[in-house]
Amino acid sequence: MSGGRAALALVLLAGALALAPDRRPARAHDEPTGFFPHSIAVGDLNGDGVPDLVVPAAAQRQVTVLISDGRGGFSHNQSLAAGTGPSWVEIGDLDGDGALDLVTANTGGGTLTVHRGDGRGGFRGPEEVPDVPGAVSLALVDVNRDGRLDAAVVQARDNRVLVLENHGGRLRPGRSYPVGRAPHIVIRADLDGNGIADLVVGSFARHVLTVLLGRPDGFAPAADVPTGRFPHYMALGDWNRDGRQDLAVACAGDDAVVVYTGDGTGGLRKTATLAAGVNPHGLAAADFNGDGLTDLFVSTRSGEVHTAFLGDGQGGFTPSPPLRLKADIIALAALDLDRDGHADLALVSASHNTVMTLRGDGRGGFAPFAGGDGRR
């Protein structure tokens, strides 16, 4: 082949490659965290109207605070000290000063760690809350209706939820409530629509969800709902648009998401099981395709496949083409990182020790933010 024909062939080949569909896994920006990040919490920590992230590092006694820059990246990455084995973190205003604080459950040390926010993205502390053995997750709720956030802590060792009451911004032990054996993750809900927070706790040993209905003086006796094997993260929404809160849970042992509809009194009825890939963990609900209906996104820890399920508004879901990432995603959040009105994704990779961010296009698709790394 002559030099001219060879050059032309190379040009044509390059053009064909440029036009060919990209079959490679999506590239997400990796923001470093501590070793073995385990969960994620979302809140506007500096008051700029853009959600920020907090991620505990279960193997490094720290939580990582990521302040969003409003363009899909992060302007600040700060590490805060925590107790041994921090596995969960919640965001809320404990002391009523208008600034969001952090509460971390330290599974290894049997403690909680509190950091007080200044409303500008900074924190003071840490303050240790002792004698909470086996604390694996928690929810901040006003249990006793006094206008202050209390901490409802799941204790895996004792198979219970322990309420730490808020006394002037300090957490003190109160009542406890039994739940299923080997409880793991708790989520706040309002399943009976009375405006008082309920709790739902997934239990590994019995494969049940324990529902604790909030009352003015605490929680009503627990009711157990059968679910799949090894329930992990849960998500809330109104799948069938009946005005009642529904729930979904990622069940790692069944490679599935189990979907429930709520009856408005606290009851949950199983209505669907969605095939979710191998070892699903993370789960979030949002309108990913802009049709005004609630969708689900589930992540997996094996197989590098993560899936959006688009809701039909009648309680059904249809899977979208899977998103492929070379990462195990243990937890995730749906949030608008770049203020374009579309739901983006923040994905916690346990093996990469990072938070990965992807931009939602408002049509159910996800891609790297501008520049391919989450920064502009």
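Our subject is the structure that appears above.
The rules behind each value
- Residues numbered from 1 in each chain as written.
- Predicted model: local features only at pLDDT ≥ 70, side-chain atom pairs only at ≥ 80, totals over all residues.
- Heavy atoms only, no water.
- Helix = DSSP H or I, 4+ residues; strand = E, 2+ residues; numbered from the N terminus.
- Rg over C-alpha atoms; globule rule 2.2 N^0.38 Å.
- Buried < 20%, exposed > 50% of the residue type's maximum accessible area, 1.4 Å probe, protein only.
- Contact = heavy atoms within 4.5 Å.
- Lys, Arg positive; Asp, Glu negative; His and termini not counted.
- Charge placed at Lys NZ, Arg CZ, Asp CG, Glu CD.
- Pairing = 2+ DSSP bridges.
- Axes fitted to C-alpha atoms, helices over the stretch in contact; angles between N-to-C directions.

Trainee: Quick one: what's the story with the overall build of the protein chain, residue by residue and with numbers?
Mentor: If you tally the helices and strands in the protein chain, you get 1 helix and 32 strands. Rg of the C-alpha trace for the protein chain: 22 Å, near the compact-globule value of 21 Å for 376 residues, within the 12% margin. Taking the principal axes of its C-alpha atoms as reference, the protein chain extends roughly 85 × 45 × 35 Å. Here the protein chain, with 376 residues, has 54% of them falling under the buried criterion. Of all intrachain contacts in the protein chain linking residues separated by at least 6 positions in sequence, the fraction that spans at least 24 positions is 40%. Side-chain charges in the protein chain split into 33 positive and 44 negative, and the spacing between the mean points of these groups amounts to 5 Å.

Trainee: Which residues make up the sheet that holds strand β21 (residues 246-251), and what are the values?
Mentor: The strand order across the open sheet built from 4 strands is β20-β21-β22-β23, with neighbouring strands paired in antiparallel fashion. Only two strands of the sheet have a single partner each, and these edge strands are β20 (231-237) and β23 (268-275). Sheet twist, expressed as the average angle between the axes of neighbouring strands with direction ignored, equals 20 degrees. Sheet topology note: the strand β22 (residues 256-262)/β23 ladder contains 7 bridges and is antiparallel. Paired with A256 across the strands is A275, a residue of β23.

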